[in-house]
Structures are given as structure tokens and as C-alpha cells.
Amino acid sequence: MTLPPSKSGETDRDTVAALRLVHQLQQALRQSDRAQLVYCLKQLVVLRAPMGDQWQALAHLAAQNGELSLAREAIDLFVEASGNSPLAQYQKAALLEQSGALRDAYDVMRTLPDNAPDPAANAFSRGTAALFLGEIGEARRRLEIATRRRQESGAAWLSLAMSANLADEPELAQTIIGAE
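What counts and how
All chains use their own residue numbering, which begins from 1 and follows the written sequence. Only residues with pLDDT of at least 70 get local features here, since the model is predicted, and only at 80 or more are side-chain atom pairs given and counted; chain-wide, interface and lining totals rely on the full set of residues. Side-chain measures were taken over the full set of non-hydrogen atoms in the model, leaving aside hydrogen atoms and water. Helix and strand definitions here come from DSSP, where helices need a minimum of 4 consecutive H or I residues and strands a minimum of 2 consecutive E residues; each element is numbered from the N-terminal end. Atoms considered for the radius of gyration are the C-alpha atoms alone. The globule rule reads 2.2 Å times the number of residues to the power 0.38. Whether two residues touch is decided by their heavy atoms; if any such pair falls within 4.5 Å, the residues are in contact. Positive charges come from Lys and Arg, negative ones from Asp and Glu, while His and the chain ends are left out of the count. Each charge is placed at NZ for Lys, CZ for Arg, CG for Asp and CD for Glu. Expected helix span is taken as 1.5 Å per residue step, with the number of steps being one fewer than the number of residues. Only protein chains enter the area calculation, which uses a 1.4 Å probe; residues under 20% of their type maximum are buried, those over 50% are exposed, and those in between are partly exposed. The directions considered for the arc run from the helix axis to the C-beta atoms. Distance and chemistry together define a polar contact, namely a pair of N or O atoms within 3.5 Å, with one atom able to donate a hydrogen and the other to accept it when in protein, and with adjacent residues in sequence counting only for side-chain atoms on both sides. The salt bridge definition used is simple: a Lys or Arg side-chain nitrogen within 4 Å of an Asp or Glu carboxyl oxygen.

(A) The arrangement of the overall build of the chain in detail. A tally of helices and strands in the chain yields ten helices and zero strands. Along the chain, helices (α) and strands (β) appear in the sequence α-α-α-α-α-α-α-α-α-α when read from the amino end. For the chain, whose C-alpha radius of gyration is 21 Å, the value lies well above the compact-globule estimate of 16 Å for 180 residues. Principal axes of the C-alpha set define a box for the chain whose edges measure 70 × 35 × 25 Å. Nonlocal contacts in the chain, meaning residues at least 24 apart in sequence, comprise 40% of its contacts between residues at least 6 apart. A gap of 5 Å separates the mean positions of the 18 positive and 22 negative side-chain charges of the chain.

Right under this line is the structure:
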């Protein structure tokens, strides 16, 4: 975190507060002090501290500590800091999915271009999210793309198998078996 000078050339008060909070957060991590860790994260979010890409790690830290609302706020600050980049949006969707917010993750994924972060990963992520949400047609379409683009992906093949009744689709079963 860098200290941007204020108009008068002095260090901004909020930035100094953020630096103190980062120091306290580091101490809380070393001491495994969950309450202090959560407090520091909350205060950094309130300050909208200039954490840049570090917001992603802070969002994961919040999620790991069961603070899902706080994790969402931090990941939103990460997306904002990235200029709303598709890759940051993809990372947000991943955090939402890992946090159990499948519908929200899927809704974010649907706004992304098909190549974010790359076509195979996008198709797999969208396909598995659709599968877990019961949108089988969309899941199947996306997972077929994922397996074509990354034939070595066992996870994609497994998800594709879960999207179908293989007893009713012997050709698909043979394709999956052939892919090993």
C-alpha cells in the first residue's frame, strides 16, 4: 500500500488509518486473533482503503473466517480497483461460488465474455454452476465446450457425465470412457 500525498503534501489521514489497520491485521493473523482480524477487515472496508489487488486476498480471508458479507464487500472493492475487469469479475464469481452463493456466482459469470479468463475455464465454470442450479441444458452445452477445449480435464468430463443419464446416451458414455 502506498501513501499518496494530499494536496498539501501531507499524508492523507485515511491512508495513515489504513496503514495502522494493516499492521493490526498482520498482528491478528500472527496471533490467530479472529475477532481482531474481522475488526480490521471491516474497518479497511469502511475506509475503502487503497488496497488494490490485495482486496482479493482480504476477501478470501474474510470468507475463510465465515464473514461472507464482508468477503463480498472486499471482493467488490477488488473488482472496483481493477476497473471492473472481466478477470476480476471472474474471481468474484469464484469467491461467490466457494461461499455457496451459486446463483449470484452464476449471474456474474453470465455477464462475462466467453473468453474470461479463457474459453475453457469460462465454459467449465459456467457449466458447473448451471449444473448445480439445475439448468441442465445450459450446463450440458457449456460442459461440452469445456471438454472440447480442454480434453485432459477430468473435472469437466465428470461434470458432463453428471449432466446426462449415460444409460440413455451410450454415445456420450463411450466418448467419456474414451477420454479416460
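(B) Main features of helix 1 (residues 13–31). Along its 19 residues, helix 1 runs 27 Å from first to last C-alpha, staying within 8% of the 27 Å computed at 1.5 Å per residue. Those residues of helix 1 that fall on the buried side of the exposure criterion are T15, A18, L21, V22, L25 and A28. Along the axis of helix 1, the buried positions cluster into a sector of 130°, meaning they face one direction only. Of the residues in helix 1, the exposed ones pointing more than 90 degrees away from the buried face are R13, R20, R30 and Q31. Buried positions along helix 1 lie against helix 2 (34–47) and helix 3 (54–64). Of the residues flanking the start of helix 1, the one acting as N-cap is D12, its side-chain oxygen 3.2 Å from the backbone nitrogen of D14. Backbone geometry just after helix 1 places S32 at a positive phi near 55°.

(C) A look at the pattern of salt bridges. Scanning the entire structure with this criterion turns up 13 salt bridges. Of the charged contacts in the structure, one is a salt bridge between D114 and R142, with a shortest N-O distance of 3.3 Å. A residue pair is termed long-range when its members are at least 10 positions apart, and D114 in the loop between helix 6 (102–110) and helix 7 (119–132) and R142 in helix 8 (residues 136–149) qualify at 28 residues. Given the relative accessible area of 7%, R142 is considered buried. E144 is paired through a salt bridge with R140; the nearest N and O atoms lie 2.9 Å apart. On the criterion of helical spacing, the pair formed by E144 and R140 is a turn pair, its members being four residues apart in helix 8. By sharing partners, the salt bridges in this structure join D114, R126, E138, R141 and R142 into a single network.

(D) Structural detail: unusual backbone geometry. The omega torsion of the bond from A116 to P117 falls at 0°, within 30 degrees of zero and hence cis. Here the phi dihedral of S32 falls at roughly 55°; this positive angle occurs in a residue that is not glycine. Looking at the element boundaries, S32 is found in the loop between helix 1 and helix 2. At R48, a residue that is not glycine, the phi angle is positive and equals roughly 50°. In this structure, R48 sits in the loop between helix 2 and helix 3.

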